[in-house]
Amino acid sequence: DAGITQSPRHKVTETGTPVTLRCHQTENHRYMYWYRQDPGHGLRLIHYSYGVKDTDKGEVSDGYSVSRSKTEDFLLTLESATSSQTSVYFCAISESPTPFGTEAFFGQGTRLTVV
Amino acid sequence: LAKTTQPISMDSYEGQEVNITCSHNNIATNDYITWYQQFPSQGPRFIIQGYKTKVTNEVASLFIPADRKSSTLSLPRVSLSDTAVYYCLAPGGKLIFGQGTELSVKP
């Protein structure tokens, strides 16, 4: 399995508090992604990164920010958590933004509950 | 960005062949078509990708016609453990997954 670690794996937080999820990789892949998964919506891209300090928005980026100061770490921050952000969050890595002969590898997910 | 369309759900029985078709009418010339599989409580995993004609590996086959506007994932002789969500991607720049096809295999 690809070396991807998401932390924490589970978190319960209160509405209005800031939350940061971490994705750590040991594969030295250039691209990293954050997704959320909710029933009936499949997997939706929040933000992605194509290099250190290079990030871009995905499909559902409102309410989320990201940072990538090192190749191996991609942080997802909810500045002020809301109940609508209760979800399972997945991190993924790949060697290129589109799979021209490569593939994306996913972490185990973080289950976030905002109460 | 190529938009993909696939059935929301499918049912099958053990031992049958399952074919899941995905349409991607405006796929870019250089894009590969990629399929992922996701089991409950796990992240998706890559299963197969192709550019045209047929690709086969130990898990599945992928059929892509000459016009590349659709593709068909074929799972031979499915078992209960093949119950999962299957995603078709024709990325065009971002890994956009969509809702996928929820395959349910029954005994």
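Attention here is on the structure that accompanies the text.

About the cut-offs
- Residues numbered from 1 in each chain as written.
- Chains lettered and ligands numbered in written order.
- Predicted model: local features only at pLDDT ≥ 70, side-chain atom pairs only at ≥ 80, totals over all residues.
- Heavy atoms only, no water.
- Pairing = 2+ DSSP bridges.
- Helix = DSSP H or I, 4+ residues; strand = E, 2+ residues; numbered from the N terminus.
- Axes fitted to C-alpha atoms, helices over the stretch in contact; angles between N-to-C directions.
- Salt bridge = Lys/Arg side-chain N within 4 Å of Asp/Glu carboxyl O.
- Buried < 20%, exposed > 50% of the residue type's maximum accessible area, 1.4 Å probe, protein only.
- Contact = heavy atoms within 4.5 Å.
- Buried area = accessible area lost by both parts, 1.4 Å probe.
- Polar contact = N/O pair within 3.5 Å; in protein donor to acceptor, adjacent residues only side chain to side chain.
- Nonpolar A, V, L, I, M, F, W, Y, C, P; charged D, E, K, R; others polar.

Some remarks on the sheet that holds strand β1 (residues 9–13) of chain B
All names here are of chain B. Taking strand neighbours across the sheet as the criterion, the five strands line up as β1-β9-β8-β3-β4 in an open arrangement whose pairing is mixed. Of all strands in the sheet, those bounded by a partner on one side alone are β1 and β4 (45–50). Geometrically, the sheet is characterised by an average inter-axis angle of 25 degrees between neighbouring strands, direction not taken into account. In the sheet, β1 pairs with strand β9 (residues 101–106) via five bridges, with the strands oriented parallel. Directly across from Ser12, in β9, lies its bridge partner Val105.

Topic: the pattern of salt bridges
Residues and elements named next belong to chain A. The full count for this structure, using the stated rule, is five salt bridges over all chains. Here Arg22 and Asp73 are joined by a salt bridge, their closest N and O atoms 3.1 Å apart. Placement of Arg22 in strand β3 (residues 19–25) and of Asp73 in strand β8 (residues 73–78) is noted, with a sequence separation of 51 residues between them. With a shortest N-O distance of 3.3 Å, Lys70 and Asp73 are connected by a salt bridge.

A look at unusual backbone geometry
In the segment running from A:Ser7 into A:Pro8, the intervening peptide bond is cis, with an omega of -5 degrees. As for its placement among the helices and strands, A:Pro8 is situated in the loop between β1 (4–7) and β2 (10–13). Located in the positive-phi region is B:Ser41, a residue other than glycine, with phi close to 65 degrees. For B:Ser41, a relative accessible area of 64% corresponds to the exposed category.

Concerning the interface of chain B and chain A
Taken together, the 22 residues of chain B in the interface contact 23 residues of chain A. Of the roughly 1,800 Å² buried at the junction of chain B and chain A (both faces included), carbon and sulfur atoms supply 58%. Our enumeration of links across chain B and chain A arrives at five residue pairs in polar contact (both at pLDDT 80 or more). No other element matches strand β3 (residues 33–38) of chain B, which puts three residues into the side of chain B that touches chain A. Across the side of chain B that touches chain A, the residue classes break down as nine nonpolar, eleven polar and two charged.

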